[in-house]
Structures are given as C-alpha cells and as structure tokens.
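Analysis of the macromolecular model
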Amino acid sequence: MAILKSKQKNSVKTSLTLAEQVLTKIQTAIIKGEIPNGSKINEQELAATYGISRGPLREAISRLESQKLIERIPHVGARVVSLDINELSDLFKVREVLEGMAAQLAAENMTDDEIKELENLLLSHEQSEQLQQGDSYYQQQGDLDFHYLIITGSKNRTLINTLTIDLYHIIRMYRFQCSAETTRPQKAFKEHRRIVEAIAARDGELAQLLMKRHISAARKNTEQRLSLIAANN
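Residues numbered from 1 in each chain as written. Predicted model: local features only at pLDDT ≥ 70, side-chain atom pairs only at ≥ 80, totals over all residues. Heavy atoms only, no water.

This part is about the overall build of the chain. Broken down by element type, the chain carries 11 helices and two strands. For the chain, the sequential pattern of α-helices and β-strands runs α-α-α-β-β-α-α-α-α-α-α-α-α. Expressed as a percentage of the 233 residues in the chain, the buried residues total 42%. Sequence-distant contacts, at least 24 apart, represent 76% of the contacts inside the chain between residues at least 6 apart. Accessible surface, the chain as shown: approximately 12,600 Å² in total, 50% of it carbon and sulfur. (Helix = DSSP H or I, 4+ residues; strand = E, 2+ residues; numbered from the N terminus. Buried < 20%, exposed > 50% of the residue type's maximum accessible area, 1.4 Å probe, protein only. Contact = heavy atoms within 4.5 Å. Areas by Shrake-Rupley, 256 points an atom, 1.4 Å probe, with all protein chains shown as cover.)

Structure below.
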C-alpha cells in the first residue's frame, strides 16, 4: 500500500511538472503569435506537438484560461483570445494610468538593491540579439520583465494584483506582437532606460510622466499596427 501511494504521488508530481512545462511553452507561443490570435485550440494537435498526454495539456489550457490568453466560446470551444482595436485601446489607457502610478510609487518605495536589480535587468535586455537587430523586444515573465519589477516595486497590493494577475499576460501578448518588426523595440528600450534613471533619482513625478508617455507611445503604435493589418485583410 505504501509503495502504491508513493507511485501515485510521483505520478501526480510528474504530471504537474509536465503541465508547468507545457504551460510555459504554449504561453510563449501565444504571446509571440506563433499560435495566432483567435485560432481554435486543437488538443490533439498540441498534444502531438509537445509530446504529452491530454491530462497535463488540459491542465495547462485551464491555467491559460485563467490568464485570459485562452477563452471558451459556446458551441465553438477553446480559442486564443483576440481583442479588437477598441478593446486594446481601452486596455492601454488603463495601463497608462495604473503603471504611471506604479512608477511613481516605485521611485518612492523601491530599495537601492531593487533598483540595482532593475538596472541589471536592462543591461541583460540590451544584450538580446533580437533587440540589437531591432526585430523585437521579448521579455520573459516575472522578475525578468521590466514592467513587472516596477509594478511589484510600487509595494501597492491593489496595483500588483490588477497588473500582474488580472491583465498581465494579455498585456504581454499585445506588447510584444504590436512592437515586433518595427522601430518600436529600440525606442521602447530607450524609454525604459529613462524611466529607470528617474526611479534611481527618486523622482516619482518624472518616473510617472515618463511611464505614461511610454505606454501612450505603445498604444499609438499598437493602434497603427492593427489598423494596417485590418486594411490589408
């Protein structure tokens, strides 16, 4: 009986590990547009692509639903989320206000060590081959994401919950997809550097202003990109 329980525990542990692994892979593919916005989720095809069984795959899909990257449509099934230009514009306007506030609070509340971590993160981003070539500016999630570090550095629990849980991954998706293959990646990096300089100087007012300008520029770039895509379809 003890051996059976041990095997069951190991099986669950392995299943969870596989689910986490496939979650990260599918999440990255969605954010980068490798699995297109609005496309139907084919469990059989994904299971074959990632070499896993349906159990871990369905667990990963459930997590992606909670992250708002996948939605279920009655009589249609699961598909990758797709926002129209008006919904995206609204989303970026909310970001502009909330992340501007987060930058101001980060300048007031981040420790010197946390600011150093933010500066080091930008140095690592600068070494990215894709950024240096101007192709894209992909940031991994959590502590490897510039915006995430500033939001958590605000020390404001409501802001953190709203921007790192409720909206985080869908913002990452459109942040990446609408800046790829334009001049935006290099401009965004330079804007990030100025924001960090303001935070390091403990100038909350300037940090807020620069963050709001940064997200406003991203919104305008996103609207232009989506308008161009719509015109060509």
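For the pair helix α7 (residues 146–153) and helix α10 (residues 184–200), the least separation of the axes is 12 Å and the interaxial angle reads 25°. Of the possible angle classes, the one that applies to α7 and α10 is roughly parallel. Here α7 runs over α10; the crossing is left-handed. Mapping the contact onto sequence places Phe146, His147 and Ile150 in α7 and His192, Ile195, Val196 and Ile199 in α10. (Axes fitted to C-alpha atoms, helices over the stretch in contact; angles between N-to-C directions. Parallel < 35°, antiparallel > 145°, perpendicular 65-115°, else oblique. Left-handed = near helix turned anticlockwise from the far one by under 90°.)

Of the pairings in the sheet, the one linking strand β1 (residues 70–73) to strand β2 (residues 77–80) comprises four bridges and is antiparallel in character. Within β2, the residue paired with Ile73 across the bridge is Gly77. Hairpin geometry of β1 and β2 is characterised by an intervening segment of three residues between the two adjacent antiparallel strands and by a positive phi of about 65° at His75. (Pairing = 2+ DSSP bridges.)

So, on to the environment of Arg193. Note that Arg193 resides in helix α10. Linking Arg193 and Leu123, residues 70 residues apart in sequence, is a C-alpha distance of 9.6 Å. For Arg193, the contacting residues outside a window of four places in its chain are Leu122 and Glu126.

The backbone of Lys155 shows a phi angle near 65°, a positive value even though the residue is not glycine. You can see Lys155 is positioned in the loop between α7 and α8 (157–166). Lys155 sits in the partly exposed class, given a relative accessible area of 44%. Backbone geometry places Arg202, a non-glycine residue, at a positive phi of 60°. Residue placement: Arg202 occurs in the loop between α10 and α11 (204–232). Its relative accessible area of 35% is what places Arg202 among the partly exposed residues.

Here we come to the environment of Tyr174. Looking at where Tyr174 falls in the secondary structure, it is placed in helix α9 (residues 168–177). The exposure class of Tyr174 is buried, given its relative accessible area of 2%. Excluding anything up to four places from it in sequence, Tyr174 contacts Asn37, Val81, Ser82, Leu83, Leu88 and Phe92.

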